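Structural characterization, general
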Amino acid sequence: ELTPAIMPSILSCDFGDMKSEVTRLTDAGAQALHLDVMDGHFVPNLTFGMPMVSGLRRHTDLPLDVHLMISEPLRYAKPMVQAGADVLTFHVEAVEDAAFVAKEFRKLGVGVGVALDSDTKLTDLEPCLDFVDMVLVMSVKAGFGGQSFNPISLEKLRLLRDNHPELLLQIDGGMNTETIVLARDAGCDLFVVGSSIIHSDDYSEAFAELDQAIKS
Ligand code: DX5
Ligand code: ZN
């Protein structure tokens, strides 16, 4: 895994034209695609499931980083892996026993992430941290693109970085050329970016500006 890496979220893409969206994101320099799966239950928004993941899988060799914002992550884990997910992240708030869920995900042979919503306290992660590869720290409330960055995420990143040097740390929500630098300085490795890229006229230019910011 190459870090730091910017992982575009397809949430704000034109879902009627995903083939060319993937081409544009790949040409811009994406090293992975972040796929936001929402079930209208764990979060109020509804996006897509396995058919989108398998559809994208046919058009790209990029790693597919699947962010499950769903109430029953275990129920869909194997189908998501069969559809082509390379990394599967569940929300700690969605499950009773996060360590068990992480261990079950591991058996599927994918990278395992656990996500922490912006209003969830860091200590809720403790029981499962030995069984995950990555922690996704939400810097907005899970559910929608285009929200503004919550700096509480920076403190969580710093504490995780200090106490768990081996974990990959990912941030998601409200990333722009300023907030991405704050996250990097807090120890983050992987940066999910939605609207800053997708709502720009030129994905390559937007990607390059973010990339310069984290490498500066
Ligand atoms: C929000 C999603 C994010 C979203 C980020 O629930 O998890 O991945 O796409 O979008 P921006 O970058 O617009 O905040
Ligand atoms: Zn996400």
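In the block above lies the structure referred to throughout.
First, a word on scope: everything that follows refers to the structure included in this document. (Residues numbered from 1 in each chain as written. Chains lettered and ligands numbered in written order. Predicted model: local features only at pLDDT ≥ 70, side-chain atom pairs only at ≥ 80, totals over all residues.)

**A closer look at the overall build of the chain**
Threshold: Labels follow the DSSP assignment, with helices taken as runs of H or I lasting at least four residues and strands as runs of E lasting at least two, numbered in each case from the N terminus. Radius of gyration here is computed from C-alpha atoms only, and the compact-globule reference equals 2.2 Å multiplied by the residue count raised to the power 0.38. Burial is judged by counting other C-beta atoms within 10 Å of a residue's own C-beta: 20 or more means buried, 12 or fewer means exposed, and anything between counts as partly exposed, with every C-beta placed from the backbone.
The helix and strand tally for the chain stands at eight helices and eight strands. For the chain, whose C-alpha radius of gyration is 16 Å, the value lies close to the compact-globule estimate of 17 Å for 216 residues. In terms of overall dimensions, the chain has C-alpha extents of about 45 × 35 × 30 Å along its principal axes. Scored against the burial criterion, the 216 residues of the chain give a buried share of 45%.

**Quick word on the packing of helix α3 (residues 73–83) against helix α4 (residues 98–107)**
Where we set the bar: All axes here are fitted lines through C-alpha atoms, helices being fitted over the stretch that makes contact, and every angle between N-to-C directions spans 0 to 180 degrees. Roughly parallel covers angles under 35 degrees, roughly antiparallel covers those over 145, roughly perpendicular covers 65 to 115, and oblique covers all other angles. The handedness criterion is simple: a crossing whose near helix is rotated anticlockwise from the far helix by less than a right angle is left-handed, and one whose near helix is rotated clockwise is right-handed. We call two residues in contact whenever the C-beta atoms placed from their backbones are within 7 Å. Throughout, the ten residues Ala, Val, Leu, Ile, Met, Phe, Trp, Tyr, Cys and Pro are labelled nonpolar, Asp, Glu, Lys and Arg are labelled charged, and all others, Gly among them, are labelled polar.
Here α3 crosses α4 at 10°, and the two axes come no closer than 10 Å. By the angle between their axes, α3 is roughly parallel relative to α4. As α3 packs across α4, the resulting crossing turns out to be right-handed. Contact residues: P73, L74 and A77 in α3; V101, E104 and F105 in α4. Here the residues of the contact of α3 with α4 sort into five nonpolar, no polar and one charged.

**Concerning the pairing of strand β4 (residues 87–91)**
We apply this condition: Paired strands, in this sense, are two strands between which DSSP finds at least two bridges. Here, the term right-handed applies to a crossover whose path from the first strand over the helix to the second runs clockwise when the strands point away from the viewer.
Most of β4 sits out of view: five of its five residues are buried. What you see with β4 is no split at all: V87, T89 and H91 on one side and L88 and F90 on the other are buried throughout. Bridge count between strand β3 (residues 64–69) and β4: three bridges; the pairing is parallel. In the sheet register, H67 faces β4, and the bridge partner there is T89. Handedness of the crossover joining β3 and β4 through α3 is recorded here as right-handed. One ladder, built from five bridges, connects β4 with strand β5 (residues 111–116); its direction is parallel. The residue of β5 that forms the bridge with F90 is V114. You can see the chain leave β4, run along α4 and come back into β5, and the turn it takes is right-handed.

**So, the environment of E72**
Mapped onto the secondary structure, E72 falls in the loop between β3 and α3. On the basis of neighbour counts, which here come to 14 C-beta atoms within 10 Å, the residue E72 falls in the partly exposed class. For the pair E72 and F100, spaced 28 residues apart in sequence, the C-alpha separation works out to 13 Å.

**Brief notes about the packing of helix α1 (residues 18–28) against helix α8 (residues 203–215)**
Between α1 and α8, the least distance of the axes is 8 Å, while the angle of their chain directions is 40°. Judged by the inter-axis angle, α1 sits oblique to α8. Seen from above, α1 lies across α8 with right-handed handedness. Together, R24, L25, D27 and A28 of α1 and Y203, S204 and F207 of α8 make up the contact between the two elements. Here the contact of α1 with α8 is composed, by residue class, of four nonpolar, one polar and two charged.

**Observations regarding the sheet that holds strand β2 (residues 33–38)**
A sheet is described by the order of its strands in space; here eight strands give the open sequence β1-β8-β7-β6-β5-β4-β3-β2, paired in parallel fashion. The two strands at the open ends of the sheet, each matched to only one other strand, are β1 (5–8) and β2. Within this sheet the neighbouring strands show an average axis-to-axis angle of 25°, counted without direction. Judged from the four bridges that link them, β5 and strand β6 (residues 134–138) form a sheet pairing that is parallel. Opposite G113, over in β6, you have M134 as the bridge partner. Running at roughly 150° to β5, α4 makes contact with β4 and β5 of the sheet.

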